[in-house]
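# Overview (structure and organization)
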Amino acid sequence: MNSPFDDREGFAAFLLRLRGRGIVPKDLIAAFEVTPRRAFIQPQWHDLAWSERMLPIECGETMEGADLQAAVIAALGIEPGSRVLEIGTGSGYTAAVMSRLAARVVTVDRFKTLSEQATQRFEALGIANAFVRQADGSNGLPGEGPFDRIVVWAAFESLPRPFVDQLSSGGVMVAPIGPAEGEQLMAKLTKLGSRFEREDIGVVRLQPMAQGIAAAI
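Since the model is a prediction, treat every value here as computed from it, not as a measurement.

## Notes on the overall build of the chain
The secondary structure content of the chain amounts to 5 helices and 9 strands. Listing the helices and strands of the chain from first to last along the sequence gives α-α-β-β-α-β-α-β-α-β-β-β-β-β. Principal axes of the C-alpha set define a box for the chain whose edges measure 50 × 40 × 35 Å. Looking at the chain as a whole, 47% of its 217 residues qualify as buried. Put simply, 54% of the contacts in the chain that link residues at least 6 apart link residues at least 24 apart. With the model as given, the accessible surface of the chain reaches about 10100 Å², and the carbon-plus-sulfur share is 52%.

## Describing the pairing of strand β3 (residues 83-87)
Side-chain direction in a regular strand flips from residue to residue, so the side chains alternate between the two faces of the sheet. Extensive coverage of β3 is indicated by the burial of 4 of its 5 residues. In terms of strand pairing, β3 meets strand β4 (residues 104-109) through 5 bridges, oriented parallel. Across the sheet, V84 pairs through a bridge with V105, a residue of β4. With respect to chirality, the unit in which β3 leads through helix α4 (residues 93-99) into the neighbouring parallel β4 is right-handed. Two strands pair when backbone bridges link them, and β3 and strand β6 (residues 147-152) are joined in this way by 4 bridges, in the parallel orientation. Among the inter-strand pairings, E86 is bridged to a residue of β6, identified as V151.

## Focus on helix α5 (residues 112-124)
What sets the pattern is the α-helix's 3.6 residues per turn: residues three or four places apart point alike. The first and last C-alpha atoms of α5 sit 18 Å apart over 13 residues, in line with the 18 Å expected at 1.5 Å per residue. Every buried residue of α5 is accounted for by L114, S115, A118, R121 and F122. Seen from one end, α5 has its buried residues packed into an arc of 130°, which puts them on one side. With respect to the buried face of α5, the exposed residues turned more than 90 degrees away are Q120, E123 and A124. Buried residues in α5 make contact with α4, β4 and β5 (130-134). Trailing α5 by a residue or two, G126 shows a phi angle of about 70°, which is positive.

## Regarding the confidence of the model for the chain
Per-residue pLDDT for the chain averages 94, and the proportion of residues at 70 or more is 96%. Note that pLDDT drops below 50 for residues 1-5; the model gives that stretch 4 contacts with residues more than four away or on any other chain.

## Overview of the packing of aromatic side chains
Under the defined criterion, the tally for this structure stands at 8 aromatic pairs. On the numbers, 6.5 Å between centres and 55° between planes, the contact of F32 with W50 is tilted. Of this pair, F32 sits in helix α2 (residues 26-33) while W50 sits in the loop between α2 and β1 (55-56), and the two are 18 residues apart along the sequence. The pair F32 / W50 is uniform in exposure class, with both members buried.

## Points about the sheet that holds strand β9 (residues 195-204)
Spatial strand order, β5-β4-β3-β6-β7-β8-β9: 7 strands in an open sheet with mixed pairing. For this open sheet the edge positions go to β5 and β9, each flanked by a neighbour on one side alone. The sheet shows a mean angle of 15° between the axes of neighbouring strands, direction not considered. Here helix α3 (residues 66-76) sits on the sheet in contact with β6, β7 (167-177), β8 (184-192) and β9, set at roughly 155° to β7.

## Focus on the nonpolar core
Grouped together as the largest cluster of nonpolar side chains are 47 residues, with contacts concentrated most on F14, F32, W50, I73, I78, M98 and F122. For this core, the secondary-structure elements that each account for two or more residues are α1 (4-20), α2, α3, α4, α5, β5 and β7. In terms of residue count, the dominant contributor to this core is α3 (6 residues). Residues contacting I78, with those up to four places away along its chain left out, are I73, V84, M98, L101, A102 and R149.

## Focus: α2
Inspection of α2 places L28, I29, A31 and F32 among the buried residues, and these make up the whole buried set. All buried residues of α2 lie within an arc of 160° about the axis, which places them on one face of the element. Exposed residues lying more than 90 degrees from the buried face of α2 are K26 and E33.

Scoring rules and cut-offs
- Residues numbered from 1 in each chain as written.
- Predicted model: local features only at pLDDT ≥ 70, side-chain atom pairs only at ≥ 80, totals over all residues.
- Heavy atoms only, no water.
- Helix = DSSP H or I, 4+ residues; strand = E, 2+ residues; numbered from the N terminus.
- Buried < 20%, exposed > 50% of the residue type's maximum accessible area, 1.4 Å probe, protein only.
- Contact = heavy atoms within 4.5 Å.
- Areas by Shrake-Rupley, 256 points an atom, 1.4 Å probe, with all protein chains shown as cover.
- Pairing = 2+ DSSP bridges.
- Right-handed = clockwise from strand over helix to strand, strands pointing away.
- Expected span 1.5 Å × (residues − 1).
- Arc of directions from axis to C-beta.
- pLDDT = per-residue confidence, 0-100.
- Phe/Tyr/Trp six-rings, centres within 6.5 Å; stacked < 30°, edge-to-face > 60°.
- Axes fitted to C-alpha atoms, helices over the stretch in contact; angles between N-to-C directions.
- Core = buried A, V, L, I, M, F, W, Y, C linked by side-chain atoms within 4.5 Å.

Below is the structure:
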């Protein structure tokens, strides 16, 4: 079992890496600092909580490394009044961090187990403005928009045009775009009228977008 001091060391190393990449928004760093990362991962991975590694979670899924999560949330540019949609709840950690920055976060996962666990973690931390839905998020949540920010943790083969209508004017979506096998580009898509302005912010290797909800788990 690690001591809290070990966790602080990991967090300090994480901050140094962020500063080295020019990611220094004070509100973002504060949101990470007050969201206990170890509460979202299994004990055997606590040593690696603040690493760049992807970590296994339930349902055969993974949790992105802390650095990628921070880069993506920074790119979203969440504001205090923002309504945020997340596709791919996973452990619930990124939704918890974003809830510190936004007015409202709706996060969607296809797995019942992950949806229920995230809800329990939000309740335990007293997070009242993040809401979990078990649903097929491959086309977003058409009935609940528009959203000011959308983040997707699964890759699209091409530009995700169905999401344009779910973004408010000037809204931002961050999602990986590229082939199912191999590397994708994490793209920042800003809505201008009926189209996206695209800026690529990094190379990732994430799972392709899956359709439907998990029948059993």
